[in-house]
Amino acid sequence: MADYVALKKKVDELAERVWDVPALEARIRKLSRGGIPKKKLDREVMLANKQQILGRVQLRAEEYNFILKNCAQGTALALMEEFGLGNMEIIKALTPFPGVGGTGEICGGITGSLISFGLYFGSDDRLDYEAMNNTIMISQKFMAFFEGQIGHMYCADIIETVILGHRLNPGESESAMATFTQEKGFEKCGLPPGIGVRLAAEFIIDSMK
């Protein structure tokens, strides 16, 4: 059951946060130039530092959503950077994914996380159906947890009930986007990516047990 009081408190905090735009832009440019650094994940270190990792990846998703103005990209980039997955071409491919093409459908906090699950849990063998089915099952559990925490999976519903308090699909017109921006939608919409990556990272780390 979603705790809307706690969610609203977090949304208000995001709306008032002071964002270090030059530092965030510099971080994105560095990743764009050098790519996502590969990592050799140490199981014991990951499990021992789980809470620290969850906090870090949540903060980065909130920051990346704000600076990229794209929840799917911000979500995926935070997870891919943390776990050394994929490349920046994947982030580019996620350009149209907020609300699935701006239609108000599935939240980018979900789609960006699912991309990361595919990279982490998926197999290089296209005929490895067991790995595919396992990844799908993990994804379904993640989506249920996400909906449980936020109350919805669709972008338009999240914006109406959690982010802005009224119905608005920023992708439907220039005027809708202007209203969304004026009401600090990009700041506030760090909430779903933050929750999404925290859940997704927990799924990945717990799989190491």
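This structure is a prediction, so every number in the text was calculated from the model and none was measured.

Asks: Please provide a residue-by-residue account of the side chain of Glu-81, values included.
Replies: Examined against the element boundaries, Glu-81 turns out to sit in helix α5 (residues 71-83). Given a relative accessible area of 11%, Glu-81 falls into the buried group. With sequence-adjacent residues up to four places away left out, Glu-81 is seen in contact with Leu-31, Ile-36, Lys-39, Arg-60 and Tyr-64.

Asks: Break down the pattern of salt bridges for me, citing the residues and quoting the values.
Replies: Applying the stated criterion to the full structure yields 16 salt bridges. Between Lys-10 and Glu-13 there is a salt bridge; the shortest N-O distance is 3.1 Å. In this pair, Lys-10 and Glu-13 are both assigned in helix α1 (residues 4-16), three residues apart and thus about one turn of the helix distant. Take Glu-13: its relative accessible area is 33%, and that puts it in the partly exposed class. Between Lys-50 and Glu-202 there is a salt bridge, and its shortest N-O distance comes to 3.1 Å. Of this pair, Lys-50 sits in helix α4 (residues 50-68) while Glu-202 sits in helix α13 (residues 191-206), and the two are 152 residues apart along the sequence.

Asks: Outline the layout of surface pockets, supporting the account with residue identities and numerical values.
Replies: Its volume calculated, the largest pocket comes out at about 320 Å³. If you trace the largest pocket, you find 21 residues lining it, with Cys-71, Pro-98, Gly-99, Cys-155 and Pro-170 closest to the centre. Residue assignment for the lining of the largest pocket shows that the elements contributing at least two residues are α7 (99-102), α10 (155-163) and α11 (174-182). For the lining of the largest pocket, the per-class residue count stands at 13 nonpolar, seven polar and one charged. Approximately 180 Å³ is the volume attributed to the second largest pocket. The element best represented in the lining of the second largest pocket is α13, accounting for six residues.

Asks: Explain the packing of helix α9 (residues 129-150) against α13 residue by residue, including any values.
Replies: Running from N to C, α9 and α13 cross one another at 140°; their axes reach a closest spacing of 10 Å. Accordingly, the angle class assigned to the pair α9 and α13 is oblique. Regarding α9 and α13, the two cross each other, and that crossing is right-handed. Taken together, the residues of α13 that come into contact with α9 (itself represented by Ile-138, Lys-141, Phe-142, Phe-145, Phe-146, Gln-149 and Ile-150) are Pro-192, Ile-195, Gly-196, Leu-199, Ala-200 and Phe-203. In terms of residue class, the contact of α9 with α13 is built from 10 nonpolar, two polar and one charged.

What counts and how
- Residues numbered from 1 in each chain as written.
- Predicted model: local features only at pLDDT ≥ 70, side-chain atom pairs only at ≥ 80, totals over all residues.
- Heavy atoms only, no water.
- Helix = DSSP H or I, 4+ residues; strand = E, 2+ residues; numbered from the N terminus.
- Buried < 20%, exposed > 50% of the residue type's maximum accessible area, 1.4 Å probe, protein only.
- Contact = heavy atoms within 4.5 Å.
- Salt bridge = Lys/Arg side-chain N within 4 Å of Asp/Glu carboxyl O.
- 1 Å grid on protein atoms, 1.4 Å probe; cavity = no way out; pocket = protein on both sides within 12 Å on 5 of 7 lines; lining within 4 Å.
- Points joined across faces, edges and corners; volume = space filled by probe spheres on them.
- Nonpolar A, V, L, I, M, F, W, Y, C, P; charged D, E, K, R; others polar.
- Axes fitted to C-alpha atoms, helices over the stretch in contact; angles between N-to-C directions.
- Parallel < 35°, antiparallel > 145°, perpendicular 65-115°, else oblique.
- Left-handed = near helix turned anticlockwise from the far one by under 90°.

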